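Coordinates in review
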Amino acid sequence: MTLITDVRLRRVLDSRGNPTVEADVLTQSGGFGRAAAPSGASTGEYEAIELPPSEAIAAARRHAVPRLIEEVHAGNQREVDGALRAADGTDNFSEIGANSAVAISMAAAKAGADVLGAPLYQHLGGAFRGENFPVPLGNVVGGGEHAKEATHIQEFLAAPVGAPSVSEAVFANAAVHARVSEILDERDTPAAKGDEGAWAPPISDAEAFEVVDEAVSDVEDELGFEVRFGLDMAAAELYDDDEDGYVYGDEVKSTDEQVDYVAEMVEEYDLVYVEDPLDEDDYEGFADLTERVGDQTLICGDDLFVTNVERLQDGIDAGAGNSILIKPNQIGTLSDAFDAVELAVRNGYDAVISHRSGETEDTTIAHLAVATDAAFIKTGTVQGERTAKLNELIRIADDAV
Ligand SMILES: C=C(OP(=O)(O)O)C(=O)O
Ligand SMILES: [Mg+2]
């Protein structure tokens, strides 16, 4: 039986050294699941609410735990997530915190899988999952909210689209990361690392394009399969209402100039992926850009859609973007994240499952990506909390989870 018999919540460290919520879920027949909430830095305005972990834990103990213990089955994800929503009573988990909700939701899924004796991706995605793997998008150079004194664009992402296996793809991204370091060295450019382990050199965006392009080409030549790159522009962080434009240091680009700029970069560097190229309210700008280059590249909404089916439906209606970033903690439960993937896929949008800049060793998103047959997973390149997910993908492919 997967009847939940206990839910334990605690504060643990995340990769930035901040506290986050970890949940354990236990079931009647001895099933056990543990999961921890990640945390964003460049968070979207419309995300579900992350409460300070102590508050989130206290509120979840008061409101949610009594509705779960001896009441719902860990194997029935909709029942678990429905109980979390009912316990919270708001649209955005502002009562118990999306951090408590997502940790419990993911821990219950793991407990359900444990009772079944199935890997999590099969419990969530069905018996026929595990054949296809997502292409890992590997953050190799970055700045924005993830590193000061570095690029304005938040993430330059290696994309080994031609890799014959997920393992070779993961190692290709690590090779690009290493090659970027050598190229920066050759240019006498020192580089710290940002929150996700990407190099954070004090260079212009234009120079970063050159460096990443060179690194990707070198690794492609060395490995003999296609390696391209993409971006997360996190443009909501660049947009300034007072300036009525996108602020790149001393330069301000109007919305039209921003669309032109991104379209030019897509052409010049054959970009395979562009996330959040415009502000989080600008469906029209997203639609313009998608019209221009959407047949050549993925235009992905992160802060635009925040894993929310209503915002995604607005985007579908407007022709804004052709893919959605899926971050379970943006919406609070796995059921809601699955609903967003399903709506996306039904409308020809690709799903990209993603980590947050603040992470733990939790590997749920690796299973989620395989369970949903997602086109891409964005989960960094190196650094323990990132390699936890990448190594789990390798284990899933090796049938070793
Ligand atoms: C991973 C990202 O960063 P954060 O978690 O800070 O939102 C992102 O913007 O896609
Ligand atoms: Mg993003």
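What counts and what doesn't
- Residues numbered from 1 in each chain as written.
- Chains lettered and ligands numbered in written order.
- Predicted model: local features only at pLDDT ≥ 70, side-chain atom pairs only at ≥ 80, totals over all residues.
- Helix = DSSP H or I, 4+ residues; strand = E, 2+ residues; numbered from the N terminus.
- Rg over C-alpha atoms; globule rule 2.2 N^0.38 Å.
- Buried ≥ 20, exposed ≤ 12 C-beta atoms within 10 Å, placed from the backbone.
- Core = buried A, V, L, I, M, F, W, Y, C linked by C-beta atoms within 7 Å.
- Domains from an automatic or database assignment.
- Contact = placed C-beta atoms within 7 Å.
- UniProt positions renumbered as here; feature names shortened; annotations may be inferred.
- Pairing = 2+ DSSP bridges.
- Axes fitted to C-alpha atoms, helices over the stretch in contact; angles between N-to-C directions.

So, about the overall build of the protein chain. Per the secondary structure count, the protein chain includes 15 helices and 16 strands. In terms of overall dimensions, the protein chain is globule-like: its C-alpha atoms have a radius of gyration of 20 Å, near the 21 Å expected for 401 residues. If one aligns the C-alpha atoms of the protein chain with their principal axes, the spans along those axes are about 60 × 45 × 40 Å. Expressed as a percentage of the 401 residues in the protein chain, the buried residues total 59%.

Right, let's get into the nonpolar core. With 133 residues, the main nonpolar core has Ile104 and Val212 as its most contacted residues. The dominant element in this core, judged by the number of residues it contributes, is helix α4 (residues 98-116), at 12 residues. Two domains share this core, each providing at least three of its residues, namely domain 1 (4-117) and domain 2 (135-397). Once residues lying within four places of it in the same chain are set aside, the contact partners of isoleucine 104 are Val7, Ala23, Val25, Ala60, Ala64 and Leu84.

Attention shifts here to the UniProt feature "active site" (unreviewed entry) in the protein chain. Within this numbering scheme, the UniProt entry marks Glu196 and Lys327 as carrying the feature "active site" (unreviewed entry). On the secondary structure map, glutamate 196 appears in the loop between β6 (192-193) and β7 (199-200). By the C-beta count within 10 Å, which is 29 here, glutamate 196 ends up buried. For glutamate 196, the residues in contact, after removing those within four places along its chain, are Asn139, Gly142, His146, Ser357, Gly380 and Arg386. Looking at the element boundaries, lysine 327 is found in the loop between β14 (323-326) and α12 (328-331). Take lysine 327: there are 27 C-beta atoms within 10 Å of it, and that puts it in the buried class. Excluding anything up to four places from it in sequence, lysine 327 contacts Thr307, Ser354 and Arg356.

All right, on to the domain arrangement of the protein chain then. With domains assigned, the protein chain is organised as domain 1 (4-117) and domain 2 (135-397). Taken over C-alpha atoms, the centre of domain 1 sits 27 Å from the centre of domain 2. On the domain 2 side, the residues contacting the 31 residues of domain 1 number 31 residues. When residues of the side of domain 1 that touches domain 2 are traced back to their parent elements, those giving at least two are β3 (32-36), α3 (77-88) and α4. It is α4 that contributes the most residues to the side of domain 1 that touches domain 2, 7 residues altogether.

The next thing to look at is the sheet that holds β3. The strand order across the open sheet formed by 3 strands is β1-β2-β3, and the pairing between neighbours is antiparallel. Single-partner strands in this sheet number two, and they are β1 (4-13) and β3. For this sheet, the mean inter-axis angle between neighbouring strands, taken without regard to orientation, is 15°. Note that β1 and strand β2 (residues 19-27) share 9 bridges and pair antiparallel.

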